[in-house]
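The lines below spell out each chain.
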Amino acid sequence: MDFLEEARRVYVDANAASLRWLLARPLLGPGFLNSKQNSITLADYGPADGLRSPAFTYGWIQGRGLEALVTHAAFFAGSDPELAQSLDVVARRLYTVLQGLWARSGHAYFCYDADLRPVIAAPDGSTAPQAQPADIYTYSDIFVLKGLIAAAARYDRASLAGYLGQLSELVKAIEGGRFQMDERRALSTTAAAGQPDDLGPRMILLGAAGMLNRIGHSQAADFADRIIAHVLDRHFDPITGLLRNVPGEDACNVGHGIELVGFAFDYLPDNADPALVKALETILIASFDAGFRGPGIRLSVSLESGEPTSPYSPWWSLPETIRSAALCLERTGNPRVLDVWRRAHGAFFDTYWRGEPALAYQTMTDDGPVDFVPATPDLDPGYHTGLSLLAAIEAVGRMGAHGAGKTQIGA
C-alpha cells in the first residue's frame, strides 16, 4: 500500500501540473488548445515549422483534449475548485468550437488548415482538400465525438442524446467496414474497404464505454462486449499471449494491446467472467514483457521472434500500462501485475517525465529523446497521460489507500 499511496500522490500532482501548463498557454484561433511545443528543446512551434505550426489544427488532439479537460474538471472540483473552474472555462469554449466543426458534416477530420478546412497535408506543408464522404468514419470522429459526449454530459444535457445517436452510427461504420484508418490520404469507400482488419479502430472505440457508464448511459455502450469478443476471437494469440494487429500477420503493437486491456477493465462490471479477466491479464503481462526494452515500450514487436521491430519507444504506452495494471490489480491482486505497474511507473517518471515543465519526452530510443512524432506533433493535452493516471488514482481509492471514488463526468 505504500507504493499505491505514493503513486496516487505523484499522479495527482503530475496531472494538476500538466493541466496548469496547458492552461497557461495561449489558446489558438477560436479556442483551440495549444500544446504545440517541442518536448526536447521546449521551443514553441511557429510559422516556419510546417505541419507542426499553429496554422494546422489536429482533430485528434482537440477531441482528446476536450475529453481530458472535462474529466479532470469533475475530478478536481472537490479538491481544487479553482483549477476545476479554469478547466471548465476552457473546455466550454472548446466544446462550442468543436460543436461547430462537427455540425458542418457530422464528422471531424485529422487536419484542418488555417481557415479550418479539412485538408490532406504533405510533409513539405503543401495541402490538398480532404474528401468528405458522409458514410466514412475515422479516428478523428471517435476522438472528437467522445469529447463532445463528455462535454455535453457536463455542460449541455440537451445535446447529449444527439451525440449518442451519432456514436451509434460510428459503431455501425466500424462493424460495417466503413472506417478508414489512414487519414493522410483521401477518404473513400474504396480506401476503407481495402484496409487490413486492424484492431485499432475497435480498441479506440472501446475507450468510450467506461465513460458512457459513468455518465449514466450504459445502454449506449452495448458495443463494448462485441468489441472485446471480436478482438479476443480474431486477434489473440494463445501461444504468446499477444494481440496480432491483423489476424494471421506477425506484427504486434503492444501498446495498443495494453491500452485495450485498460479500456476493457474500465468498462467491465465487477462480476465479469473470470476467464475473460484472466485473458486480459495475460495480454497485459505478455505485451509489457515483449515490448518493454530500453527506456520504454517499443512501438511494435514480432510475434514469431518475440523481438522489437521498431527502435522507437513513445511516451504514451507507459501511462497506458499504469492504467491497465492498476485496473487489473484491483481485480486480481496478482503480484506480477503490481510488478508491471511499478516498472512502468519508474520508467515513465524517471526517464520520460520532465517535471518542469510538466510534460513528457514524446519519443525515445536507446540513445535518449529523439524528435520522432508518434501520431500528431502536438503534445498530449491530458489524454494518454492524464486520463491514464486518473484511472489509476481512482483504482487506488477503491483499493483502500484513499477515500476517492470513480469520477462522475456529469456531476
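The present account deals with the structure reproduced in this document. No experiment lies behind these values; they were computed from the predicted model shown. (Residues numbered from 1 in each chain as written. Predicted model: local features only at pLDDT ≥ 70, side-chain atom pairs only at ≥ 80, totals over all residues. Heavy atoms only, no water.)

## Quick look at the layout of surface pockets
Taken as a whole, the largest pocket encloses approximately 640 Å³ of empty space. Along its surface, the largest pocket is lined by 30 residues, and Trp60, Tyr139, His256, Pro374 and Ala375 are the ones closest to its centre. If you list the elements that add at least two residues to the lining of the largest pocket, you get helix 2 (59–76), helix 4 (139–155), helix 7 (200–214) and helix 9 (254–267). Of the residues in the lining of the largest pocket, the class split is 15 nonpolar, seven polar and eight charged. (1 Å grid on protein atoms, 1.4 Å probe; cavity = no way out; pocket = protein on both sides within 12 Å on 5 of 7 lines; lining within 4 Å. Points joined across faces, edges and corners; volume = space filled by probe spheres on them. Helix = DSSP H or I, 4+ residues; strand = E, 2+ residues; numbered from the N terminus. Nonpolar A, V, L, I, M, F, W, Y, C, P; charged D, E, K, R; others polar.)

## Quick look at helix 12 (residues 335–352)
The terminal C-alpha atoms of helix 12 lie 25 Å apart, and with 18 residues this matches the ideal 26 Å at 1.5 Å per residue to within 8%. All of the buried residues in helix 12 are Val337, Val340, Trp341, Ala344, His345, Gly346, Ala347, Phe348, Phe349 and Tyr352. The N-cap residue of helix 12 is Asn334: its side-chain oxygen and the backbone nitrogen of Arg336 are 2.9 Å apart. (Expected span 1.5 Å × (residues − 1). Buried < 20%, exposed > 50% of the residue type's maximum accessible area, 1.4 Å probe, protein only. Polar contact = N/O pair within 3.5 Å; in protein donor to acceptor, adjacent residues only side chain to side chain.)

## Thoughts on empty space enclosed by the protein
Which parts of space are left empty comes out when a probe the size of a water molecule is rolled across the atoms. Taken as a whole and judged by the stated rule, the model has five cavities of 30 Å³ or more. The volume enclosed by the second largest cavity comes to roughly 140 Å³. Around the second largest cavity, the lining comprises 15 residues; the ones closest to its centre are Trp315, Leu359, Ala360, Asp380 and Thr385. At the level of elements, helix 1 (2–24) and helix 13 (383–398) are the ones that each hand at least two residues to the lining of the second largest cavity. When grouped by side-chain class, the residues that make up the lining of the second largest cavity number seven nonpolar, six polar and two charged.

## Some thoughts on the pattern of salt bridges
Counted under the stated rule, the structure contains 23 salt bridges. Between Arg52 and Asp371 there is a salt bridge, with its nearest N and O atoms 3.0 Å apart. Residue Arg52 is located in the loop between helix 1 and strand 1 (57–58), and its partner Asp371 is located in the loop between strand 13 (368–369) and helix 13; the two are separated by 319 residues in the primary sequence. Close ionic contact of Asp237 with Arg244 constitutes a salt bridge, the shortest N to O distance being 3.4 Å. Salt bridges sharing common partners tie together Asp289, Arg336, Asp339 and Arg343. (Salt bridge = Lys/Arg side-chain N within 4 Å of Asp/Glu carboxyl O.)

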